[in-house]
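Working through the structure, step by step
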Amino acid sequence: MNSKYDIIIVGGGAAGFFAAINIVENNPKTKVCILERGQEVLTKVRISGGGRCNVTHACFVPNDLVKFYPRGEKELRGPFHQFCSGDTIDWFEKHGVELKIEDDGRMFPVSNSSQTIIDCFLAATKKLGIDVLTGQSVQSIFKSEDYWKVETNHETFACKKIIMTTGSNPKIWEMLQNLGHSVVEPVPSLFTFNIKDARIKDLMGLSAVASVKVKNSKLEASGPLLITHWGMSGPGILRLSAWGARELADKKYQFAIVVNWLNDKTFEETATILRELKLEHSKKAVSKKSPFDLPNRLWESIVLASQIDAESKWADLTKNQLTNLTNQLTNADFQVNGKSTFKEEFVTAGGIDLKEINFKTMESKVLPSLYFAGEIVNIDAITGGFNFQNAWTSGFIVANSVLEN
Ligand SMILES: Cc1cc2nc3c(=O)[nH]c(=O)nc-3n(C[C@H](O)[C@H](O)[C@H](O)COP(=O)(O)OP(=O)(O)OC[C@H]3O[C@@H](n4cnc5c(N)ncnc54)[C@H](O)[C@@H]3O)c2cc1C
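What counts, and where the lines are drawn
Residues numbered from 1 in each chain as written. Predicted model: local features only at pLDDT ≥ 70, side-chain atom pairs only at ≥ 80, totals over all residues. Heavy atoms only, no water. Phe/Tyr/Trp six-rings, centres within 6.5 Å; stacked < 30°, edge-to-face > 60°. Helix = DSSP H or I, 4+ residues; strand = E, 2+ residues; numbered from the N terminus. Buried < 20%, exposed > 50% of the residue type's maximum accessible area, 1.4 Å probe, protein only. Lys NZ or Arg CZ within 6 Å of the ring centre and 35° of its normal. UniProt positions renumbered as here; feature names shortened; annotations may be inferred. Pairing = 2+ DSSP bridges. Axes fitted to C-alpha atoms, helices over the stretch in contact; angles between N-to-C directions. Domains from an automatic or database assignment. Contact = heavy atoms within 4.5 Å. Buried area = accessible area lost by both parts, 1.4 Å probe. Salt bridge = Lys/Arg side-chain N within 4 Å of Asp/Glu carboxyl O. Polar contact = N/O pair within 3.5 Å; in protein donor to acceptor, adjacent residues only side chain to side chain. Nonpolar A, V, L, I, M, F, W, Y, C, P; charged D, E, K, R; others polar.

A few words now on the packing of aromatic side chains. The tally for this structure, following the rule as stated, stands at 23 aromatic pairs. The interplanar angle of 15 degrees and the centroid separation of 6.1 Å between the aromatic rings of F17 and F121 together place this pair among those described as stacked. With a gap of 104 residues between them, F17 in helix α1 (residues 14-26) and F121 in helix α6 (residues 115-128) connect regions that are remote in the sequence. Classification of F121 by relative accessible area gives buried; the value is 0%. Consider the rings of W261 and F334, whose centres lie 6.3 Å apart with planes at 85 degrees: the pair is edge-to-face. With W261 in the loop between β16 (254-260) and α10 (267-280) and F334 in strand β17 (residues 332-337), the pair connects residues that are 73 residues apart, well separated along the chain. On the basis of relative accessible area, W261 is assigned to the buried category, the value being 3%. A connected cluster of aromatic rings, assembled from ring pairs, spans F17, F18, F83, W91, F92, F121, F388, W392 and F396. The ring of F108 has R52 lying over it, and the distance from NZ or CZ to the ring centre is 3.7 Å. The ring of Y253 has K339 sitting right over it, with the charged end atom 5.0 Å from the ring centre.

Below you can see the structure in the form of structure tokens.
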């Protein structure tokens, strides 16, 4: 049995590396190893953010930052007061990686390459003497008196403390369930909506700031809505997919949405504007140019869907046609049939039940001296660098608390 290590970290991803490096930096005598089942480590970091790694988000107030987490909002409040996005920037800067802010608040390495983050982590583990053992798939763990036994496909280890950072791995969740933990059933989050509808056919690439409601639900969001080959995407849709991850899974991704292409304009306000346009632009063709902040091709499609022909002038519009147009602009029903991934990025909603974790230490309340960090717990966020921020924050807290206790 290999009992060389004080602390074993299971999972060589973002959370595992961040925890390992912080532990040994704080206490160089601690012997730490990372067990990774794959031949390569940090594979998700590599592909993240389209190969650029969206490390965090320029939102520096803990109480604002938590709002981006459909699961974990309440629990992350305390942890973010200990280690927030500003601390992430400082940490990486101290480790030789400068981050930059993009217009939408997402933060990336100045190099625009996720390899910079990987190189930083690999250099730090090497310098600190952290063993990174690949091809070691953990099969089981169990407590024997005051130490943990960790069995991989190759070897058995013994250690005092164990940190689980295996991300969304169903086998590990099952193993932890057998040891007494509860696992909130995993479902995908961050997806786009599949919609086949003549009104958006051939309009891929066009976008508008719109609000979207899921019918027979409280789910609603607004923001840029992007028409894609398969349906609809963009920040508003991703927000609905994240906040509605469980509800939409229950509906088997078959549901209706109502789009208001004018975002915050009501039916009545829009009807008034259209009546004024009828008077002011009586001789002009309705479909040619959008009087709203909408791409002209989308406007034309909305006009045609309102039973108005392409050549009609504003003066020709009947009361019914004006009502149709108002409805198509502010209350357009679309049927969603399925989902697609968003730029291959996805996270899993679900994981270790948050009630069973002490968020001051990230220690399990069920299995003392076992800790968690990263996506293994029932925390996830919308896209924008927030999922990694959860990995850094929980990795940092774990690193401090394993040394204290
Ligand atoms: C394509 C894509 C792009 C993304 N881009 C971003 C982004 O730009 N910004 C952002 O904030 N988030 C992004 N995310 C989400 C982000 O990658 C995850 O939230 C984050 O990687 C979670 O880190 P983690 O360390 O908890 O888990 P992971 O990164 O999943 O790491 C877990 C590790 O544990 C290993 N492991 C699992 N089981 C075992 C076992 N039994 N034994 C040993 N090892 C095991 C796995 O092989 C893996 O290496 C993206 C996700 C995807 C899929």
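What follows continues from the structure just given.
A few words on the UniProt feature "transmembrane region" (unreviewed entry) in the chain. UniProt tags residues 7-24 as "transmembrane region" (unreviewed entry). A helix fraction of 61% and a strand fraction of 22% characterise residues 7-24, whose end C-alpha atoms lie 10 Å from each other.

The subject of this paragraph is the sheet that holds strand β15 (residues 231-233). As summarised here, the arrangement of the seven strands in space is β17-β16-β13-β14-β15-β12-β18, forming an open sheet in which the pairing is antiparallel. Edge strands, defined here as strands with exactly one partner in the open sheet, are β17 and β18 (339-341). Going across the sheet, the axis of each strand differs from the next one's by a mean of 40 degrees, ignoring polarity. With six bridges joining them, β16 and β17 adopt antiparallel strand pairing. By the bridge assignment for β17, F255 is matched with V336.

It is worth spelling out the domain arrangement of the chain at this point. Looking at the assigned domains, one finds that the chain contains domain 1 (2-187 + 344-404) and domain 2 (191-341). Taken over C-alpha atoms, the centre of domain 1 sits 41 Å from the centre of domain 2. Opposite the 14 residues of domain 1 that make contact, domain 2 presents eight residues. In this assembly, domain 1 packs against domain 2 so that about 890 Å² is buried in total across both faces, 60% of it on carbon and sulfur atoms. Taken together, the connections running from domain 1 to domain 2 amount to zero salt bridges. Where domain 1 meets domain 2, there are two residue pairs in polar contact (both at pLDDT 80 or more). At the level of secondary structure, the elements contributing two or more residues to the side of domain 1 that touches domain 2 comprise β11 (183-189) and β19 (347-352). When residues of the side of domain 1 that touches domain 2 are assigned to their parent elements, the largest contribution, three residues, is made by β11. In terms of residue class, the side of domain 1 that touches domain 2 is made up of eight nonpolar, two polar and four charged.

To continue, consider the pattern of salt bridges. Taken as a whole and assessed by the stated rule, the structure comprises 16 salt bridges. Its salt-bridge partner being D64, residue K67 comes within 3.7 Å of it at the nearest N-O pair. A salt bridge links K74 to E75; the nearest nitrogen and oxygen atoms lie 3.9 Å apart. When salt bridges that share partners are traced, they join R52, K100, E102, D104 and R106 into one network.

The next point concerns helix α8 (residues 235-243). Among the residues making up α8, those that are buried are G236, I237, L238, L240, S241 and A242. Elements in contact with the buried residues of α8: β11, β12 (191-194), β13 (207-214), β14 (220-227), β15 and α9 (245-250).

Topologically, T228 is positioned in the loop between β14 and β15. Of the residues examined, T228 reaches a relative accessible area of 18% and is grouped as buried. Here W230 takes part through its backbone nitrogen, which lies 3.2 Å from a polar atom of the side chain of T228. Those residues within four positions of T228 in sequence are excluded, and the remaining contacts are M204 and S233.

Looking at the element boundaries, V110 is found in the loop between β5 (106-109) and α6. The class for V110 is partly exposed, based on a relative accessible area of 44%. Along the backbone, V110 and G38 are 72 residues apart, and their C-alpha atoms lie at a distance of 28 Å. Those residues within four positions of V110 in sequence are excluded, and the remaining contacts are E98, L99 and K100.

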